[in-house]
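Commentary on secondary and tertiary structure
For reference, the chains in residue letters:
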Amino acid sequence: MAAFVTAVVLLAGGWLLWLSQQDELDSLPRADGRLIFEQEHQSVSGARIERHILFRDARLGRIGVTISMPQAITGEAMPVVVVLGSSREGRDNIAPFGDMGRTVMIGYDWPFSRQAFDGDALAALTPDMRRRALGVPGQVRAVLDWLDGQSWADTSRVSLIGYSQGAVIAPSVQRMLQEGGHSVGWTVLINGGAGLGAMIADTTALHPAWARPFLGLTADRLLEPIEPAAHLPHLDGQFLMLSWSGSGLPAQAVADFQALAPKDKSLVTLSETGRAERLARSLSMARDWLTAQQAIVPEGAGIENNLSSDRTAPARPEIASSGVKPIKVVPVAVQE
């Protein structure tokens, strides 16, 4: 038994050492080829249409996104905004932005189990969770590759918004996009941090509590390919970085995250007391900043908007009660 335990420890230690020697970007899986279209459902609200599309790839598995765009597709191709949020479903992550005018909004569906979103620390320790987490950058890149063939999407004008866990994984996503030839001109990172192990070990929402330190140590090795600190210094474009005072993240993680980002960036710290107010203000500022940068021109907005705007978010930040109900849901059997 002692010999068996020793062998297991040596094998595990050797594997972790081998992982630590790998290049972070090279360790992230890419799509096997062109995405295979599986199914689509549409819902209509006001002047916009939401298309929830499921793709499949032999290497990356199932990929789900919600694409929000104007019903009337006329004129020039529209700029693209990719949103990585805090909810499991992509449609919930783009809902707080409301009507973004002639803009294609891409809400990414996280591939994680519902238990992981409920704070189950043990559910995050499985090899399957690691495989899913490392596949996120490649999945987003595969979706952008698919968008290249859509006449209504201007993939030369791509913005990336990450908030909460989306801000943490956004740097690895953007670097993967850059490697694939997708230039991200504007990036908004809201409430992000660097140092996955320390942040996970400090997350009080994870249960059971005794697993947090172990999960943090494990994350430092197993999730190293998506560690923000490994990718932030390599990113291009314009950056807006927003943080919340009392966000729950370790102060050092937030400081490292902001220090590692490209020098051409704007830093803003919000101090509103309630989480809903901070999220609403953050998304409103993100929209204003993208407008001022001429990355987008939302419905009813002008280029004169800037970070000092007092305009509130166009939709309620409580995503589950956004009040937007689809008029109809129609399955679409369309081969893309």
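Right above here is the structure, for reference.
Residues numbered from 1 in each chain as written. Predicted model: local features only at pLDDT ≥ 70, side-chain atom pairs only at ≥ 80, totals over all residues. Heavy atoms only, no water.

Right, let's talk about the overall build of the protein chain for a bit. If you tally the helices and strands in the protein chain, you get 10 helices and 10 strands. Per-residue burial over the protein chain gives 50% buried out of 336 residues. When contacts within the protein chain are restricted to residue pairs at least 6 apart in sequence, those whose partners lie at least 24 apart make up 73%. With an accessible surface of roughly 15,300 Å², the protein chain has 55% of that area assigned to carbon and sulfur atoms. (Helix = DSSP H or I, 4+ residues; strand = E, 2+ residues; numbered from the N terminus. Buried < 20%, exposed > 50% of the residue type's maximum accessible area, 1.4 Å probe, protein only. Contact = heavy atoms within 4.5 Å. Areas by Shrake-Rupley, 256 points an atom, 1.4 Å probe, with all protein chains shown as cover.)

All right, on to the nonpolar core then. With 61 residues, the main nonpolar core has Ile-67, Val-82, Leu-84, Ile-106, Val-140 and Trp-152 as its most contacted residues. The element that contributes the greatest number of residues to this core is helix H4 (residues 127-147), accounting for 10 residues. In this structure, Trp-152 is in contact with Arg-51, Ile-67, Met-69, Ile-73, Ala-77, Met-78, Val-104, Trp-146 and Leu-147, ignoring residues within four places of it in sequence. Among the nonpolar cores identified, the runner-up in size contains 24 residues, and Ile-94, Met-100, Met-105 and Ala-286 belong to it. (Core = buried A, V, L, I, M, F, W, Y, C linked by side-chain atoms within 4.5 Å.)

Bringing the side chain of His-182 into the picture now. Along the chain, the position of His-182 falls in the loop between helix H5 (165-179) and strand E7 (184-190). Among the polar contacts made by the side chain of His-182, one reaches the side chain of Asp-145 at a distance of 2.6 Å. The residues touching His-182, leaving out its near neighbours within four places in the chain, are Arg-141, Leu-144, Asp-145, Asp-148 and Leu-177. (Polar contact = N/O pair within 3.5 Å; in protein donor to acceptor, adjacent residues only side chain to side chain.)

This part is about the pattern of salt bridges. Scanning the entire structure with this criterion turns up 12 salt bridges. Across the salt bridge formed by Glu-50 and Arg-91, the nearest N and O atoms sit 3.6 Å from each other. Of this pair, Glu-50 sits in strand E2 (residues 48-57) while Arg-91 sits in helix H2 (residues 90-94), and the two are 41 residues apart along the sequence. Accessibility expressed as a relative area gives 19% for Glu-50, which makes it buried. Salt-bridge contacts for Glu-89 lead to Arg-88; the nearest nitrogen and oxygen are separated by 3.7 Å. (Salt bridge = Lys/Arg side-chain N within 4 Å of Asp/Glu carboxyl O.)

Between its terminal C-alpha atoms H4 stretches 31 Å, which fits the 30 Å expected from 21 residues at 1.5 Å a residue. Along its length, H4 shows its largest kink, about 40 degrees, at Val-136, and proline Pro-137 lies within four residues downstream of that point. Judged by how many residues are buried, H4 sits mostly within the fold: 16 of 21 residues are covered. (Expected span 1.5 Å × (residues − 1). Bend = angle between axes of the 7 residues up to and from the residue.)

What follows covers the packing of aromatic side chains. Tallied over the full model, the rule gives five aromatic pairs. Measuring from centroid to centroid gives 5.9 Å for Trp-110 and Phe-112, while their planes differ by 10 degrees, and the two rings are stacked. Phe-112 shares its class with Trp-110; the two are buried. An aromatic cluster is present here, built from Phe-37, Phe-55, Trp-146 and Trp-152 joined pairwise through their rings. (Phe/Tyr/Trp six-rings, centres within 6.5 Å; stacked < 30°, edge-to-face > 60°.)

Glancing now at the pairing of strand E6 (residues 153-163). A regular strand carries its side chains on alternate faces of the sheet. Burial within E6 is extensive, with nine of its 11 residues counted as buried. Looking at chain direction, strand E4 (residues 78-84) and E6 are connected through seven bridges and run parallel. Following the sheet pairing, Leu-84 is matched in E6 by Gly-162. Summarising the sheet, E6 and E7 pair through six bridges and their orientation is parallel. Pairing of Gly-162 across the sheet is with Leu-189, part of E7. For the segment spanning E6, H5 and E7, crossover handedness is right-handed. (Pairing = 2+ DSSP bridges. Right-handed = clockwise from strand over helix to strand, strands pointing away.)

For Asn-191, which is not a glycine, the phi torsion comes out positive at approximately 65 degrees. Relative to the helices and strands, Asn-191 is located in the loop between E7 and helix H6 (196-201). Backbone geometry at Gln-294 places phi at a positive 60 degrees, although glycine is not the residue there. Structurally, Gln-294 can be placed in the loop between helix H10 (275-292) and strand E10 (329-332).

Next up on the list: the environment of Ala-259. Following the sequence through the fold, Ala-259 ends up in helix H9 (residues 251-260). Between the alpha carbons of Ala-259 and Pro-233 there is a distance of 9.3 Å; along the sequence they are 26 residues apart.

Next up on the list: the environment of Asp-154. Within the secondary structure, Asp-154 sits in strand E6. The class of Asp-154 is buried, set by a relative accessible area of 18%. Between the C-alpha atom of Asp-154 and that of Val-104, which follows or precedes it by 50 residues, the distance is 8.8 Å. Ignoring anything within four residues of it in the chain, the contact list for Asp-154 reads Ala-77, Met-78, Pro-79 and Val-80.

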